[in-house]
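Below, each chain spelled out in residue letters.
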Amino acid sequence: MDLPPRVGDRPLATAALPHSQLDQQPASTRDLDSVPAEAATRPQVTIQPSRIAVEGSRAPVLTDEAETGPPEAFMIGREFCHGHAGGDSSLHAALPPHPARAAQEAGWGEPHYPVHTHRAPPSITMLYAPRDEAERDVILRLVRASYQFALGVVDRANADAGMP
């Protein structure tokens, strides 16, 4: 996944749960709000309250009818992503290995705090709050990768190509 570098320094984030972005919040949640709204247009996705994030957080969740990918494509149940509430406009998403590395290397995110303590798989990534429409578009690309991972599309494509 080819991502442009994120402009500026990385935001500060907590080193505990809840894993939250502490600065560089956008003036409006408009761009964050559009991320789950776009995810809801995808087949076999509903938006529900997150079962793992702070109260008020919304999560794209695969429906019960959807085929699913590996366990590390989810944070809990069929929740593959969630946007935070309560003044933190960052997100958490389960990403396949390459997009997770690309997001971190280009400055769009960091491993979710429990990854460092081995309580979450390395796929779980904090994506920093989109500060404008262009940043929202990059975050949407990453959430689409999370959706495909949740459906197992990445695994099936790798298997078809003879990759592990």
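Since this is a predicted model, take the numbers as computed values, not measurements.

Peer 1: Which parts of the structure should I look at to understand the overall build of the protein chain?
Peer 2: Each helix and strand in the protein chain was counted, giving five helices and six strands. In the protein chain, the order of α-helices and β-strands from amino to carboxyl end is α-β-β-β-β-α-β-α-β-α-α. Expected size for 164 residues packed as a compact globule is a radius of gyration near 15 Å; at 15 Å, the protein chain falls within 12% of this value. Taking the principal axes of its C-alpha atoms as reference, the protein chain extends roughly 45 × 30 × 30 Å. Sequence-distant contacts, at least 24 apart, represent 61% of the contacts inside the protein chain between residues at least 6 apart. Entry remark: accessible area of the protein chain is about 8,100 Å², with carbon and sulfur atoms responsible for 55%.

Peer 1: I keep staring at the pattern of salt bridges and nothing clicks. Help me out?
Peer 2: By the definition in use, this model includes five salt bridges. One salt bridge in this structure joins Arg 136 and Glu 133, with 3.9 Å as the shortest N-O distance. In this pair, Arg 136 and Glu 133 are both assigned in helix α4 (residues 133-151), three residues apart and thus about one turn of the helix distant. Accessibility expressed as a relative area gives 16% for Arg 136, which makes it buried. Connected through shared salt-bridge partners, Glu 38, Arg 42 and Arg 144 make up one network.

Peer 1: Explain the environment of Pro 99 here, please?
Peer 2: Its location among the elements puts Pro 99 in helix α2 (residues 97-105). Placed 97 residues apart in sequence, Pro 99 and Asp 2 show a C-alpha to C-alpha distance of 8.6 Å. Residues in contact with Pro 99, not counting those within four places in the same chain, are Met 1, Leu 142 and Ala 145.

Peer 1: Got a minute to help me understand the environment of Gly 152 in this structure?
Peer 2: Among the secondary structure elements, Gly 152 is positioned in the loop between α4 and α5 (153-160). Considered as a pair, Gly 152 and Ala 66 are 86 residues apart in the sequence and their alpha carbons are 10.0 Å apart. Apart from the residues lying within four places of it in its own chain, the contact partners of Gly 152 are Thr 68 and Gly 69.

Peer 1: Is there a simple way to think about unusual backbone geometry in this case?
Peer 2: Most peptide bonds take the trans configuration, and most residues that are not glycine carry a negative phi. Here the bond from Leu 17 into Pro 18 is cis, since omega is -5°, no more than 30 degrees from zero. In this structure, Pro 18 sits in the segment before α1 (30-39). Positive phi is not limited to glycine here, since Gln 24 has a value of about 60°. Checked against the element boundaries, Gln 24 lands in the segment before α1. With relative accessibility at 24%, the residue Gln 24 sits in the partly exposed group. Although it is not a glycine, His 118 adopts a positive phi angle of roughly 65°. The exposure class assigned to His 118 is exposed, which follows from its relative accessible area of 73%.

Peer 1: Please explain the packing of aromatic side chains as it appears in this structure.
Peer 2: The relative placement of two aromatic rings is captured by the distance of their centres and the angle of their planes. Inspection of the entire model under this criterion finds one aromatic pair. The interplanar angle of 50° and the centroid separation of 6.1 Å between the aromatic rings of Phe 80 and Tyr 147 together place this pair among those described as tilted. Separated by 67 residues along the polypeptide, Phe 80 in the loop between β2 (58-62) and β3 (81-83) and Tyr 147 in helix α4 bring together distant segments of the chain. As far as burial versus exposure is concerned, Phe 80 and Tyr 147 are alike and both buried.

Parameters and conventions
Residues numbered from 1 in each chain as written. Predicted model: local features only at pLDDT ≥ 70, side-chain atom pairs only at ≥ 80, totals over all residues. Heavy atoms only, no water. Helix = DSSP H or I, 4+ residues; strand = E, 2+ residues; numbered from the N terminus. Rg over C-alpha atoms; globule rule 2.2 N^0.38 Å. Contact = heavy atoms within 4.5 Å. Areas by Shrake-Rupley, 256 points an atom, 1.4 Å probe, with all protein chains shown as cover. Salt bridge = Lys/Arg side-chain N within 4 Å of Asp/Glu carboxyl O. Buried < 20%, exposed > 50% of the residue type's maximum accessible area, 1.4 Å probe, protein only. Phe/Tyr/Trp six-rings, centres within 6.5 Å; stacked < 30°, edge-to-face > 60°.

Remember, this is a structural readout, not a statement about activity or role.
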